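A look at the structure
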Amino acid sequence: MAAGRQRGRDGALCAMEAVAALAGEPLSDQPSCASPVLAAFVRTWNDGLPRAARDDLILPLLPRLAGTRGPEQPERRRAGLVADWMVRIHLPAWFRLAKLNVEADVLAGLPEIRDVSDLAALCDHLKRARKRAAIANLTLCQTGSSVRAAAWDATYRAAWAAVQDELEAAGGPILAAGWDAAYAAAYAAARACGKVSLEPTRRALQDTTLVLIERMIAAGDAGAGELRSAADIRP
């Protein structure tokens, strides 16, 4: 499976082009049969992974993405699931690696985010988290892009791509809350860098992504109320 739009070059297709082909649609990386939130997530995740990881992690999911497009409510729920993962799974994992355990527990124990608009109630929490991580570590600029890349790897970039439109549409404070969560994770990763390996946390979060995608697919079903809780996907 290829990264990026291929338009059939050398017979290789990117993830969402493959979904279009499976659904019998014209070749496109934005197939009409797929949920836009899921498509944005998988498209970005696919492009950020090496070939072997794409084949292992994403290829088995592709047949299940066809037919996931639905009405607005499931799409909003899917965006909420991604925002919940960013705030209550991704961010606490980096805080725990940085030994900011009290703050990690506070974040993980926040009410479940069911809709991006729920971030409005968490703006102060996320602003405090960013400030606490920045105070704990003042070396983010010195550690450079490699550490930021650990916190903002392919998985996190996929999550951001999936909710960016929702965050921007929700207005400045909610978009700022999303950036607070992103930068708090980067500061925590920078604090941990040099003391412990960042790779196990990155890989553990990658594993939680598969469960997140399962929940996003299930959100389009009538039984969406039976979704597994966020506690089931914590690393």
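Attention here is on the structure that accompanies the text. (Residues numbered from 1 in each chain as written. Predicted model: local features only at pLDDT ≥ 70, side-chain atom pairs only at ≥ 80, totals over all residues. Heavy atoms only, no water.)

**Re the overall build of the protein chain**
The number of helices and strands found in the protein chain is twelve helices and zero strands. Classification of the 235 residues of the protein chain by burial places 51% in the buried group. Partitioning the intrachain contacts of the protein chain with sequence separation of at least 6 by distance along the chain shows that 72% fall at a separation of at least 24. Summed over its atoms, the accessible surface of the protein chain is roughly 10,500 Å², and 53% of this surface lies on carbon and sulfur atoms. (Helix = DSSP H or I, 4+ residues; strand = E, 2+ residues; numbered from the N terminus. Buried < 20%, exposed > 50% of the residue type's maximum accessible area, 1.4 Å probe, protein only. Contact = heavy atoms within 4.5 Å. Areas by Shrake-Rupley, 256 points an atom, 1.4 Å probe, with all protein chains shown as cover.)

**Comments concerning the packing of helix H2 (residues 36-48) against helix H12 (residues 199-218)**
Relative to each other, H2 and H12 sit at 155°, their axes nearing to 11 Å. When the axis of H2 is compared with that of H12, the two are roughly antiparallel. Relative to H12, the crossing made by H2 is left-handed. Contacts between H2 and H12 involve Val37, Leu38, Phe41, Val42 and Trp45 from the first element and Gln206, Thr209, Leu210, Leu212, Ile213, Met216 and Ile217 from the second. Grouping the amino acids of the contact of H2 with H12 by side-chain chemistry returns ten nonpolar, two polar and no charged. (Axes fitted to C-alpha atoms, helices over the stretch in contact; angles between N-to-C directions. Parallel < 35°, antiparallel > 145°, perpendicular 65-115°, else oblique. Left-handed = near helix turned anticlockwise from the far one by under 90°. Nonpolar A, V, L, I, M, F, W, Y, C, P; charged D, E, K, R; others polar.)

**Considerations on helix H10 (residues 154-170)**
Here H10 spans 24 Å end to end across 17 residues, near enough to the 24 Å set by a 1.5 Å rise per residue. The sharpest bend along H10 reaches about 50° and sits at Val163. Along H10, the positions that sit buried rather than exposed are Ala154, Thr155, Tyr156, Ala158, Ala159, Trp160, Ala162, Val163 and Leu167. Following H10 by one or two positions, Gly171 adopts a phi angle in the positive range, close to 110°. (Expected span 1.5 Å × (residues − 1). Bend = angle between axes of the 7 residues up to and from the residue.)

**Some thoughts on the nonpolar core**
Core analysis: the biggest nonpolar cluster contains 75 residues, and Phe41, Trp45, Trp94, Phe95, Leu119 and Leu126 have the highest contact counts within it. The biggest single contributor to this core is helix H5 (residues 72-97), with 13 residues. If sequence neighbours within four positions are ignored, Leu119 has contacts with Val87, Ile113, Leu126, Leu167 and Ile174. (Core = buried A, V, L, I, M, F, W, Y, C linked by side-chain atoms within 4.5 Å.)

**A word on the pattern of salt bridges**
Applying the stated criterion across every chain yields a total of 14 salt bridges. The partner of Glu214 in a salt bridge is Arg64, with the nearest N and O atoms 2.7 Å apart. One end of the pair, Glu214, is in helix H12; the other, Arg64, is in helix H4 (residues 62-65), with 150 residues separating them in the sequence. Taking the relative accessible area as the measure of exposure, Glu214 reaches 34% and is therefore partly exposed. (Salt bridge = Lys/Arg side-chain N within 4 Å of Asp/Glu carboxyl O.)

**Concerning helix H7 (residues 123-136)**
Within an α-helix, residues lying three or four positions from one another point in the same direction, as the helix has 3.6 residues per turn. Here H7 is 14 residues long and its end C-alpha atoms lie 20 Å apart, about the 20 Å a rise of 1.5 Å per residue gives. For H7, every residue scored as buried is listed here: Cys123, Leu126, Ala129, Ala133 and Ala134. Projected down its long axis, H7 shows its buried positions confined to an angular sector of 130°, all on one face. Turned more than 90 degrees away from the buried face of H7, the exposed residues are Asp124, Arg128, Lys131 and Ile135. In this structure, the buried side of H7 is in contact with H5, helix H6 (101-108) and helix H11 (172-192). (Arc of directions from axis to C-beta.)

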